[in-house]
Amino acid sequence: MDIRHTLWVFDAVAGLKDFRNKSLPDVMDKLNREYLANCVGAVPRAGSTDKIISADAKQVTGQTVPAGPFDAVVFLVKDDSQSFGPKIGGAFTSSPDVLGRTFLGTRGGGLSEVYWNKCYSSKELAASIFHEAAHLKSGLDNSMHHARVGAPHGGPGLKVLSANGSSFFSPSLDDFDFYSIAIPRHIIVRTRVP
Ligand SMILES: [Zn+2]
């Protein structure tokens, strides 16, 4: 099956946003060039006949996400204080070094969010958005961080999708394989702010 994937980034920051070292156009550019462009092609899972024919990051321009069946949405909020978790029944514990969170199995489906002011750079934002989208699409919580992807690339293991993903300078082939395999999975795609 031919599959198109869009990773929608919904800028839901309310109030003042810190712009040091980062800009949303830069973040979108990095997501497209350094991440999603590498997730196109045959799905690298044994026995799969699926093919990712396009994978793009796009910023949501209105109040509603025009999402397709294999898409994902990541919300940008300012910091923990603006988390959507409590609104949808998500378990939430504040932690200073957490750059984003994904709430799975919550009302209205899973929700991914990234904290704009807690990320230092466009690079860190792009990595965090990709990381949370991978939790959302795979349906895996912390167990994702230890996933083994295997053939055909098979190494050197997850980097950006590991527990301290933002500490890596660049993603790995396994990060891309993991994400490509997760794209065909059906999830409830949120089309608006909860
Ligand atoms: Zn994680």
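Please refer to the structure higher up on the page.
Residues numbered from 1 in each chain as written. Predicted model: local features only at pLDDT ≥ 70, side-chain atom pairs only at ≥ 80, totals over all residues.

### Examining the nonpolar core
By size, the foremost hydrophobic cluster in this structure holds 50 residues, and its most contacted members are L7, V9, L31, V74, V114, I129 and F130. Counting only elements with at least two residues in this core, the list comes to strand 1 (2-11), helix 1 (24-35), strand 3 (51-59), strand 4 (72-77), strand 6 (111-115), helix 2 (122-138) and helix 3 (173-182). The element contributing the most residues to this core is helix 2, with 8 residues. Among all residues touching V9, those that are not within four sequence positions of it are M28, A57, Q59, V60, V74, L76 and I129. (Core = buried A, V, L, I, M, F, W, Y, C linked by C-beta atoms within 7 Å. Buried ≥ 20, exposed ≤ 12 C-beta atoms within 10 Å, placed from the backbone. Helix = DSSP H or I, 4+ residues; strand = E, 2+ residues; numbered from the N terminus. Contact = placed C-beta atoms within 7 Å.)

### Some points on the environment of G150
Within the secondary structure, G150 is located in the loop between helix 2 and helix 3. G150 sits 15 residues away from H135 along the chain, and the two C-alpha atoms are 18 Å apart.

### Some thoughts on the pairing of strand 4
Along strand 4, 6 of the 6 residues are buried, which leaves the element largely enclosed by surrounding structure. On strand 4, burial covers both faces: A72, V74 and L76 on one face and V73, F75 and V77 on the other are all buried. Bridge count for strand 4 against strand 6 is 4 bridges, and the pairing is parallel. Within strand 6, the position partnered with V77 by the bridge is Y115. (Pairing = 2+ DSSP bridges.)

### A closer look at helix 1
The end-to-end C-alpha distance of helix 1 is 15 Å, a good match for the 16 Å that 12 residues give at a rise of 1.5 Å each. Buried within helix 1 are the following residues: V27, M28, K30, L31 and Y35. Across the axial projection of helix 1, the buried residues extend over an arc of 160 degrees, all falling on one side. Across helix 1 from its buried face, at more than 90 degrees, point the exposed residues P25 and R33. (Expected span 1.5 Å × (residues − 1). Arc of directions from axis to C-beta.)

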